[in-house]
Amino acid sequence: MTGGTAAPRPPAGGPARRLALAAWRPAGALAFLVILLVFPLAFQNPTVTTIAVDTLIFAAAAVAWNIFSGYSGYISLGHAVFFGAGAYTVGIAARAWHTTGDGVFVLLLLAAAVAGGLSVPLGLIALRVRRHTFVVITIAFFFIAQLTVTNLTVTGGSSGILAPSPNWDPATFNNPFYYVALALLVIATAASWLIRRSRFGLQLRAIRDDEDRAAGLGVRAMPVKLTAFVISAVVTGMAGGLWFYFIGQAIPQFAFDPLFDLSVVVMAFFGGLGTIAGPILGALVIEPAQQWLTLQYTNEYLSEILLGALFLLVILALPRGVIPTAAELITRFRARRRSRRAEAGPPAAVTAAAARAGQAGTAARPDPDPAGQARAGREAGP
Amino acid sequence: MTVMLRAEGVSKAFGGVQALRDCTVEVEQGSIAGLIGPNGSGKTTLFNTMTGYERIDAGSVYLGDRKITNLAPQRVFALGIGRTFQLTRIFPRLTVMENMLVAAQHTGDKRLHNPLARAGGRADRRRAADLLEFVGIASHADALAETLSYGQRKLLELSYVLVANPAIVLLDEPAGGVNPSLIRLLSDRIRELNAAGTTFLIVEHNMDFVMGLCGQVTVLDYGTVVASGPPQIIRTDPRVLDAYLGITEEDDDAER
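Bear in mind that the values here come from a model prediction, so they are computed numbers and not experimental data.

Some words on the overall build of chain A
Turning to step 1, where the next piece is worked out: When helices and strands are counted, chain A shows 14 helices and two strands.
Turning to step 2, where the next piece is worked out: A sequence separation of at least 24 residues applies to 76% of the contacts in chain A between residues at least 6 apart.

Below, the structure written as structure tokens:
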């Protein structure tokens, strides 16, 4: 058979292309990391670097949120509790121990411990219920935390707490913040990647799809959910601590900000809930846009209105987020191209056979004999 | 013959509805047993009580000599009772292979101790791939489970239950809404597995399927056992004809 050499081509092309794609992905991630590493060298305008630091902090927080909510399907609107807890931990500890300069960054570990410790009892309470009830409980936690901080003296009440101001060179003042934020983002993303491909991550995603069935197959749902919740809280707490040091101040309504919850949720939804790159993409698009709008129009309301509008748009038009939708489009496009290429042979043969039949003066209908079609195809082929 | 699974005097009520009343059902080791009865007769409830998805009010369930009454579903599953659901329960946004790996927790893979190890060791993946091949959906291994057809989902649920090497499999309407050629494949596979030692208990409305496959059939009506015996006896039992086969015209949509 002459087709023998042509037949193995599609299967051989498939894995080769998939392999190319698999190699492309880490290469893309590496290139992206290099760009982020050299960014402060290329852009030294403090306005730009300030937005960049803010974006990285929010990207880390969005990735952290996604590790729990994206993988498990439990939508938390209370992660600001851990963000604020991290902020206040760094603030109180730095004030008590007179920590300044680079030393404050070490306190981020303490912020991680406090946020993680706080998340255990909160998780044990909230994770007993599902869906809407879970969301409402996390919102309740948020208000409890904000009110508590407003009314305690150790947290400075409604006037909050000030961060130590480092005496770094003004020209590169933002750089330490930038690189610590970048390190946090890299750690969070590595954790997200490791979890997603692991047995633990598979159990989380099985819980998202059908918790009872997963439990029936031996997934210990509560420990799995709680572990993800704690990991997520730890990273969020560090992001909060870093944000506090960078901003220089924590007051209850900004350290425990409902807009923080809304922002990370929109970022994750925009990029793709439950994906690794989705929350980063979302943060990269949304946070600079928000900051820029606030600077341009010197009030926050416009960016808040647009954030809300964007949320609506994403939920209505791209409910699964940019990355899954794009991946699906690419797959569909490839499949269509492949099937078109596969179909290209037979229809051409049919029309060629029909045309020839017409020329020969016989009835112009396709040759019913498949062998005849194949013969015609070979003759008509290049 | 030893009894593998036994429900003894099981009763279960939902509010004022007595779903099961003093039910006793036995499944012999190595057999394919059938459970039939009109809609609402308590077949699925009996399945749920035997697999831990529903607590029972009275009576007991035994796996061999071991009492498994009201154990949690994962305990029951770990002891070797696998089940499928009438409304197929797969994990739609996991791939077909990932669905298999979720159920592979109980296999001897020691990577359990390292939660960050890649999901599914090589042995688990190979076994999962073999089972997907066995039920004929291996080519879909990397597709999201939500893209499978209704019949393929049933096959996926059956194969992921098999991953854990259950001693007995309870199938809740495996042939419901499935096309005839797939039904034939399904009964062939059940027979092969049975020959290799797996015991089956099957709830099904498709009479040809049940009568052709099962060595022993139990008939439920209004939560009580009305008859039990080999298919040829059951087929002619007047109580059964009255309770069940008399209304097959309304019920045989699976036969078409």
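Still to come is the rest of the account.
Examining the confidence of the model for chain A
Residue and element names in this part refer to chain A.
Turning to step 1, where the next piece is worked out: Considering every residue of chain A, the mean pLDDT works out to 80; 83% of them sit at 70 or more.
Turning to step 2, where the next piece is worked out: By mean pLDDT, the top-scoring element of chain A is helix 8 (residues 221-247) (93), and the lowest-scoring one is helix 14 (residues 370-380) (38).
Turning to step 3, where the next piece is worked out: Counting contacts from residues 1-16, a segment whose pLDDT is below 50, to residues more than four positions away or on other chains yields zero contacts.
Turning to step 4, where the next piece is worked out: Counting interchain partners and residues more than four positions distant, the pLDDT-below-50 stretch residues 347-382 has 27 contacts.

Digging into the interface of chain B and chain A
Turning to step 1, where the next piece is worked out: With 20 residues of chain B in contact, the opposing surface of chain A contributes 18 residues.
Turning to step 2, where the next piece is worked out: Elements that contribute at least two residues to the side of chain B that touches chain A include exactly helix 2 (73-78) and helix 3 (96-102) of chain B.
Turning to step 3, where the next piece is worked out: Here the element with the most residues in the side of chain B that touches chain A is helix 2 of chain B; it accounts for four residues.
Turning to step 4, where the next piece is worked out: Along the lines of polarity and charge, the residues of the side of chain B that touches chain A split into 13 nonpolar, three polar and four charged.

Some details on the pairing of strand 7 (residues 168-172) of chain B
Residues and elements named next belong to chain B.
Turning to step 1, where the next piece is worked out: Taken across its five residues, strand 7 has five buried, putting it largely inside the fold.
Turning to step 2, where the next piece is worked out: Along strand 7, one buried face is formed by Ile168, Leu170 and Asp172 and the opposite face, lined by Val169 and Leu171, is buried too.
Turning to step 3, where the next piece is worked out: Here strand 6 (residues 81-83) runs beside strand 7; their pairing, made up of three bridges, is parallel. Residue Ile81 lies in a different strand from strand 7, and its bridge partner there is Ile168.
Turning to step 4, where the next piece is worked out: Inspection of the sheet shows strand 7 paired to strand 8 (residues 199-203) by five bridges, in the parallel sense. In the sheet register, Leu171 faces strand 8, and the bridge partner there is Ile202.
Turning to step 5, where the next piece is worked out: On the question of chirality, the crossover connecting strand 7 to the parallel strand 8 by way of helix 6 (residues 180-195) is right-handed.

Details of the confidence of the model for chain B
All names here are of chain B.
Turning to step 1, where the next piece is worked out: On average, chain B scores 81 in pLDDT, and the residues at 70 or more come to 89%.
Turning to step 2, where the next piece is worked out: Here helix 10 (residues 248-251) stands out as the element of chain B with the lowest mean pLDDT, 46, in contrast to strand 8, whose mean of 90 is the highest.
Turning to step 3, where the next piece is worked out: A low-confidence stretch, residues 248-256 stays under pLDDT 50, and its non-local contacts, those more than four residues away or across chains, total 10 contacts.
Turning to step 4, where the next piece is worked out: Reported confidences for the modelled complex are a pTM of 0.80 and an ipTM of 0.81.

With respect to the packing of helix 2 (residues 46-72) of chain A against helix 11 (residues 278-297) of chain A
Residues and elements named next belong to chain A.
Turning to step 1, where the next piece is worked out: Where helix 2 contacts helix 11, the two axes come as close as 8 Å, and the packing angle between them is 140°. Along this stretch, helix 2 crosses helix 11, giving a crossing that reads as right-handed. Of the residues in helix 11, those in contact with Ile51, Asp54, Thr55, Phe58, Ala59, Ala62, Val63 and Asn66 of helix 2 are Gly278, Pro279, Ile280, Gly282, Ala283, Leu284, Glu287, Pro288, Gln291 and Trp292.

Examining the sheet that holds strand 2 (residues 17-28) of chain B
All names here are of chain B.
Turning to step 1, where the next piece is worked out: In space, the four strands of this open sheet follow the order 2-1-4-5, with antiparallel pairing throughout. Pairing within the sheet leaves two strands with one partner each, and these edge strands are strand 2 and strand 5 (66-67).
Turning to step 2, where the next piece is worked out: In this sheet, strand 4 (residues 58-63) lies alongside strand 1 (residues 3-14) in antiparallel orientation, the contact comprising five bridges. Bridging across to strand 4, Ser11 finds its partner in Ala58.

Criteria and cut-off values
- Starting from 1, residues in each chain are numbered consecutively following that chain's sequence as written.
- Lettering for chains starts from A, numbering for ligands starts from 1, and both go in the order in which the items are written.
- Confidence filtering applies because this is a predicted model: local features only for residues at pLDDT of at least 70, side-chain atom pairs given and counted only at 80 or more, and all residues used for totals across whole chains, interfaces and linings.
- Helix and strand definitions follow DSSP, with helices as H or I runs of at least four residues and strands as E runs of at least two, each counted in order from the N terminus.
- C-beta atoms are placed from the backbone for every residue, and two residues are taken to be in contact when these atoms lie within 7 Å.
- pLDDT is a per-residue confidence score from the predictor, ranging from 0 to 100.
- Just so you know the grouping, Ala, Val, Leu, Ile, Met, Phe, Trp, Tyr, Cys and Pro go in nonpolar, Asp, Glu, Lys and Arg go in charged, and all remaining residues, Gly too, go in polar.
- Exposure is read from a count of other C-beta atoms within 10 Å of each residue's own; the residue is exposed at 12 or fewer, buried at 20 or more and partly exposed in between. C-beta atoms are placed from the backbone.
- Here, any two strands with at least 2 DSSP bridges between them count as paired.
- Convention used here: a crossover is right-handed provided that the path from the first strand, over the helix, to the second strand proceeds clockwise when the strands point away from the viewer.
- Every axis corresponds to a line fitted to the C-alpha atoms, with the helix fit spanning only the stretch in contact, and the corresponding angles, defined between N-to-C directions, vary from 0 to 180 degrees.
- Two helices that cross are described as forming a left-handed crossing if the nearer one is turned anticlockwise from the farther one by less than a right angle, and a right-handed crossing if clockwise.

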